[in-house]
Each structure stands twice: as C-alpha cells, then as structure tokens.
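# Survey of secondary and tertiary structure
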Amino acid sequence: AQRVTQPEKLLSVFKGAPVELKCNYSYSGSPELFWYVQYSRQRLQLLLRHISRESIKGFTADLNKGETSFHLKKPFAQEEDSAMYYCALRAGGYNKLIFGAGTRLAVHP
Amino acid sequence: GAVVSQHPSRVICKSGTSVKIECRSLDFQATTMFWYRQFPKQSLMLMATSNEGSKATYEQGVEKDKFLINHASLTLSTLTVTSAHPEDSSFYICSAPEGSGTQYFGPGTRLTVL
C-alpha cells in the first residue's frame with residue numbers, strides 16, 4: 001500500500017535551532033517525494049522535490065531508499081518558517097499525490 | 001508561477017441542497033485535476049482525479065454519486081456536492097499539475113452545510 005507517515009504533529013523549536021521534520025513512506029515502486037508547505041491563511045505550495053536535489057529557503061531533504069525516508073532539515077530555523085509541512089508521495093507515472101498527516105513547525109523567538 | 005483558482009472561497013448552504021465548486025487553471029492547461037478534502041487540523045485526503053473528456057476516477061470510499069465531477073475543458077473542473085448534509089462540511093481543495101509535473105493548489109473552498 002502507498003502510505004506517507006509523518007510521526008510528529010507538532011515540532012516546536014527556538015529560533016536558530018536545527019530542525020528535522022520526519023517523513024517515511026511505503027511504496028513498492030520507484031517513488032517521487034515532495035515537501036509542501038502551508039503558511040497561515042495561504043494555499044499549499046511546493047517547497048522542494050527530491051529529484052531536484054536543491055535547497056529552498058535553507059531547507060534540504062535527501063531521499064533514503066534504504067530507510068524509506070525523506071526527512072526535511074534546516075540547520076538554523078527562522079520564525080518565518082513557522083507553518084504546516086506536508087510530505088507527499090507521487091506513485092509511479094501518475095500525478096496524484098499521497099499526503100502525510102502533516103507536521104506543524106512552530107519557531108519561537 | 002502557475003496559478004489555480006477556486007470559486008467560491010466560502011459557501012453556506014442548507015441541508016439537502018447541491019453546491020458546485022469550480023477549479024480553474026489560469027495560465028496553463030491541465031488534462032487532469034485533483035480534488036482533496038481537508039478536515040480541521042488534518043491532512044489532505046485525495047477524493048478523485050478529474051480527467052478532461054472522460055469520467056473522473058474516485059478514490060476508495062468516495063461516493064461518485066455524491067461528489068459529481070465534471071472536467072469541462074482543459075482549464076476548468078467542477079465538483080458538485082449533491083444533497084449536501086452537515087457531515088459534508090469541510091475544506092475542499094483542488095490542484096492541477098503543470099507541464100513540469102509540479103502540482104499547483106487552489107486556495108480552497110470552505111463548505112458549511114446547515
């Protein structure tokens with residue numbers, strides 16, 4: 001079965017602290033993983049995708065097929081990073097996305 | 001970047017009535033669009049895939065006669081909640097993949113059924 005697991009509902013850190021939002025997936029084929037972010041009162045938007053291997057707003061994520069993980073990391077959190085973060089899986093050649101439950105990141109001053 | 005719009009942003013209706021929600025891709029064409037439902041403080045649940053020129057594909061457990069989807073053109077998909085009941089109250093979100101495969105999301109429609 002295709003599944004995305006984000007074990008933490010809430011991650012609360014202080015400004016400047018490192019952040020790691022966990023994401024594990026279950027998929028028998030070759031997955032494509034994404035991180036989407038939803039800031040307060042805004043629509044869902046793409047943060048990054050594993051095939052791009054880029055850093056967006058200081059965030060990076062590496063696909064680990066052995067551990068079936070795609071954790072999102074940032075070395076120094078900023079207050080403006082406070083938002084809901086969703087990990088998503090695109091299965092095979094289809095465009096539909098399977099979302100995790102989401103993790104709320106709260107960065108305190 | 002690409003933009004997806006939804007209309008209306010908020011709707012309140014009486015139980016038993018039908019409500020239509022529109023999803024438009026404003027500056028790109030989309031042969032498929034996706035409809036999600038989001039309950040308060042919960043994740044997005046994929047309801048169905050809207051296919052231009054053919055029938056929608058519904059996810060398991062989603063009633064196709066309850067949630068009618070029509071993909072009238074390459075830039076418009078509509079979701080009609082028929083005979084709405086209070087338990088249908090939710091936040092409905094659509095998305096459309098642009099040429100590169102990146103999905104763009106609409107702002108959502110909050111439906112309240114009294």
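Residues numbered from 1 in each chain as written. Chains lettered and ligands numbered in written order. Predicted model: local features only at pLDDT ≥ 70, side-chain atom pairs only at ≥ 80, totals over all residues. Heavy atoms only, no water.

### Describing the packing of aromatic side chains
Enumeration according to the criterion identifies 10 aromatic pairs over all chains in this entry. Ring plane angle 80 degrees and centroid distance 5.3 Å describe the contact between A:Tyr36 and B:Phe105, whose orientation is recorded as edge-to-face. Residue A:Tyr36 is located in strand β5 (residues 31-38), and its partner B:Phe105 is located in strand β10 (residues 103-105); the two belong to separate chains. The pair formed by A:Tyr36 and B:Phe105 is uniform in burial state, with each residue classed as buried. Ring centres 5.8 Å apart and planes at 40 degrees place the aromatic pair B:Tyr36 and B:Phe105 in the tilted group. Of this pair, B:Tyr36 sits in strand β4 (residues 32-38) while B:Phe105 sits in strand β10, placing them 69 residues apart in sequence. For the pair shown, B:Tyr36 and B:Phe105 are each scored as buried. Aromatic ring contacts, followed pair by pair, group A:Phe34, A:Tyr36, A:Tyr86, A:Phe99, B:Tyr36 and B:Phe105 into a single cluster. (Phe/Tyr/Trp six-rings, centres within 6.5 Å; stacked < 30°, edge-to-face > 60°. Helix = DSSP H or I, 4+ residues; strand = E, 2+ residues; numbered from the N terminus. Buried < 20%, exposed > 50% of the residue type's maximum accessible area, 1.4 Å probe, protein only.)

### Some thoughts on unusual backbone geometry
With an omega of 0 degrees, the peptide bond between B:His7 and B:Pro8 qualifies as cis. Within the secondary structure, B:Pro8 sits in the loop between β1 (4-7) and β2 (10-13). You will see that A:Arg41, though not glycine, has its phi angle at about 65 degrees, which is positive. Structurally, the position occupied by A:Arg41 is in the loop between β5 and β6 (45-49). Of the residues examined, A:Arg41 reaches a relative accessible area of 85% and is grouped as exposed. Positive phi, normally seen in glycine, also occurs at A:Lys57, with a value near 55 degrees. With respect to the helices, strands and loops of the structure, A:Lys57 is situated in the loop between β6 and β7 (60-61).

### Brief notes about the sheet that holds strand β7 (residues 67-73) of chain B
Working definition: the strands of a sheet are paired by backbone hydrogen bonds and lie parallel or antiparallel to each other. Residues and elements named next belong to chain B. Spatial strand order, β1-β3-β8-β7: 4 strands in an open sheet with antiparallel pairing. Of all strands in the sheet, those with a lone pairing partner are β1 and β7, marking the two edges. Across the sheet, the axes of successive neighbouring strands diverge by a mean angle of 20 degrees, strand direction being ignored. Note that β1 and strand β3 (residues 19-25) share 4 bridges and pair antiparallel. Opposite Ser5, over in β3, you have Arg24 as the bridge partner. (Pairing = 2+ DSSP bridges. Axes fitted to C-alpha atoms, helices over the stretch in contact; angles between N-to-C directions.)

### Some thoughts on the layout of surface pockets
Where empty space is left can be seen by rolling a probe of water-molecule size over the atoms. The space that makes up the largest pocket amounts to roughly 850 Å³. As for the largest pocket, its lining consists of 27 residues, and the residues nearest its centre are A:Gln38, A:Met84, A:Arg104, B:Gln38 and B:Lys41. Per element, the largest residue contribution to the lining of the largest pocket is 3 residues, and it comes from strand β9 (residues 83-91) of chain A. Residues of the lining of the largest pocket, tallied by class, amount to 10 nonpolar, 10 polar and 7 charged. (1 Å grid on protein atoms, 1.4 Å probe; cavity = no way out; pocket = protein on both sides within 12 Å on 5 of 7 lines; lining within 4 Å. Points joined across faces, edges and corners; volume = space filled by probe spheres on them. Nonpolar A, V, L, I, M, F, W, Y, C, P; charged D, E, K, R; others polar.)

Everything listed here is a matter of coordinates, which is why it stays silent on function.
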